Amino acid sequence: MKAKLGVEVPWQLVMLILIALPSILFHVCHGQTDDYANPAAPPPGLDECNGLFLTYSFISREKEYPRVKNASAQAWAFKSLATITNTGQYELKGWQMFVGFQHKEILVSASGAIVVDGDDFPLEVGNGTTFAGNPMTDLKTAIDTAGDFTQISAQIEITGSVFGIKPPGVPMPKNIKLVDDGYKCPKATLKGKTYMQVCCKKDPKAKVEKKNLKFLPRRYGDLSLTYDVLQAYGSNYQAQVTIDNINPLGRLDHWNLTWEWMNGEFITKMRGAYTHKRDFSECVYGPAGQYYKDFDFSTVMNCEKKPTISDLPPERKNDSQVGKLPYCCRNGTLLPSIMDESKARSIFQLEVFKMPPFLNRTALVPPEKWKIDGVVNPQYKCGPPIRVDPTEFPDPSGLDSKTYAIASWQVTCNITRPKDKLSRCCVSFSAYYNRSAIPCSTCACGCDNNEGCSKTARAMLLPTESLLVPFDNRTTKAIAWADLNKFKVPNPRPCPDNCPVSINWHIDSDYKTGWTASITLFNWDNSPFEDWFSAIQIDKAYKGLEGVYSFNGTTFDNLNKTIFLQGLPGLNFLVGEVNGTKPGDPRIPGKQQTKISFTKKHTPGINIARGDGFPTRILFNGEECALPKQIPLSSAEKKSHFKFLTVVIMAIMTFIMMTDHLH
């Protein structure tokens, strides 16, 4: 047998060599050359920016339901992308980017950021809004990160609805800019129809206070809520919630706080507060019961995704199990600091159990969608929780040292002026020079679907004594008063104001050197008001205030020239409505009244008969009360208005006749 010359190479090896040959021939040493594949080209203008480079790109849209013929009313679902990149030499802490939306946009989601001073989604942002980084709050420099874009850049993926801009028009924002102090931004440049950019640079003239903050700075709000994690373990942590009333005219009574757990958390214990519902079945039959198989859920405080939390009553203050916390247990009363600084804060603590995958000691996520309200109090709109530097506490041992929370978040809530017919208190006007009182407006505090009454008809004028009885007992007097004075009776008749609290402002007298008024508070609810207050703004008469006689009255120039009224010591309790003396008698509201005197020495030219003696704004316990849409006028004023109108008409007729004569 003839021997073979050479070696037979397996076919598998041949194929492996052929596959590997290109990489061998074109092998690149990345440490020696820059000939590797080029990354995607950066946005135009990025390379020329030495600062913060911001962009906004409109991606797509789709027509939404309902489909309408009116183009301006048609809604479109849109998607867009905003980016911010640090191309400068300074690290940016707590970045905030303003996007000037201008087409009645409604945001549905914004990943990679939170909306500063925003509410829950969906969120109306037609006047523009500011985004802050979340979870990436800071943008490092390329120098410190070797150009790592994941550390120097952030993206905001935006989805929402927009109105009125049909193709080929593109609903771009008016402008984009950096909000952080110390930077100057020119007007953003539009590139094409769907892209805009701007380069913001350090302002050499700006004097920025240097703060060594790791997270976002704390913000000012009418109400500030802080969520501090005090102790942290693998599966649970202990937190403290602090509620601070900052607005000098803000207030809460019987506050109710709600939020939403985002990752299946549940509350096992609380101190200083309680939840309205204590049903552990949601834990037993839910994911918590499947994971914590040997856990005794019968002692759990609350398993709801959206718990409602309230303050404890005063009798539980020294309870060793649930009380013994500073600033707790006042039935949910938060007073303004100008009344009592010690009652302007509430605190409670809770133990929270977590669910996978958040079982790491440092995996701490606060609840979202915070809401808080009271009884007859301002209506607050709360923003999202933002991470702030850990809260500082005095050392509990009494030493001159400080301790810190493990992690802290702040939620700020601001007072919103009540929308029309959504107040919780109202005002009536009356005067000695007019026999008719102007009652609270129809449906001032809302209306149910009442049959047989009109929600839009103007409230009927009344004799002043009718203000002392409930609305249901005024009908006969109102009709008789209309017949007597030849007033028109609406058909159907107007609905009631439906307000639990009403305030009457009455002009008592008007003389050469001064004038007097009375203010009367009516409580038409069953519950009393303790430590009540009222704030009055009366622009033209403020400087003339002389005396308040049955209440404690204080003036505050720095609060829009406000007269602040509260009960005298021992007389600060406005009782609730009670039954009449005899069966069948009208119910009697709780009532308090005072006389107020004014001098004309400091208010020259004031005209009480023309309406200068009526307030322009009244608050009760922080809630803005609905004012009537008209004021009482004296018969002399009515006659003067009629005379003036007659003179004007005669002048016009004379002019026409002279013109005709000249022609």
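Residues numbered from 1 in each chain as written. Predicted model: local features only at pLDDT ≥ 70, side-chain atom pairs only at ≥ 80, totals over all residues. Heavy atoms only, no water.

Colleague: Mind showing me how you'd approach the sheet that holds strand S18 (residues 308-311) here?
Modeller: Strand pairing in a sheet relies on backbone hydrogen bonds. The paired strands run either parallel or antiparallel. If you walk across this open sheet you meet the four strands as S17-S18-S15-S20, and the pairing is antiparallel. A strand with exactly one partner marks an edge of an open sheet, and here the two such strands are strand S17 (273-275) and strand S20 (368-373). Along the sheet, successive strands turn relative to each other by an average axial angle of 25°, direction set aside. Pairing between strand S15 (residues 256-260) and S18: three bridges, direction antiparallel. Directly across from Asn256, in S18, lies its bridge partner Ser310. (Pairing = 2+ DSSP bridges. Helix = DSSP H or I, 4+ residues; strand = E, 2+ residues; numbered from the N terminus. Axes fitted to C-alpha atoms, helices over the stretch in contact; angles between N-to-C directions.)

Colleague: Can you help me understand the pattern of salt bridges in this one?
Modeller: When the charged atoms of two side chains lie near each other, side chains of opposite charge can form a pair. Under the criterion given, the structure shown has 18 salt bridges. Between Lys140 and Glu91 there is a salt bridge, with the nearest N and O atoms lying 3.7 Å from each other. Remark: Glu91 occurs in the loop between strand S2 (75-86) and strand S3 (96-99) and Lys140 occurs in the loop between strand S7 (129-133) and helix H2 (142-145); sequence separation between them is 49 residues. We classify Glu91 as partly exposed; its relative accessible area is 33%. The salt bridge involving Arg417 is made with Glu624; its shortest N-O contact spans 2.4 Å. Of this pair, Arg417 sits in the loop between strand S25 (407-416) and strand S26 (425-431) while Glu624 sits in strand S39 (residues 623-624), and the two are 207 residues apart along the sequence. (Salt bridge = Lys/Arg side-chain N within 4 Å of Asp/Glu carboxyl O. Buried < 20%, exposed > 50% of the residue type's maximum accessible area, 1.4 Å probe, protein only.)

Colleague: Which parts of the structure should I look at to understand the environment of Gln96?
Modeller: By relative accessible area, Gln96 is classed as buried at 17%. Considering only alpha carbons, one finds Gln96 and Val116, 20 residues apart in sequence, at a separation of 8.5 Å.

Colleague: Help me understand unusual backbone geometry in this model?
Modeller: Negative phi values dominate among residues other than glycine, just as trans dominates among peptide bonds. For the peptide bond that leads from Tyr65 to Pro66, omega is 0°, which places it in the cis range. Summarising the element assignment, Pro66 is placed in the loop between strand S1 (52-63) and S2. In this model, Pro167 is joined to Pro168 through a cis peptide bond whose omega is 10°. Position of Pro168 among the secondary structure elements: in the loop between strand S8 (153-163) and strand S9 (176-178). We note that Lys324 has phi near 60°; this positive angle belongs to a residue other than glycine. Structurally, the position occupied by Lys324 is in the loop between S18 and strand S19 (345-353). One non-glycine residue, Asn621, lies in the positive phi region at around 50°.

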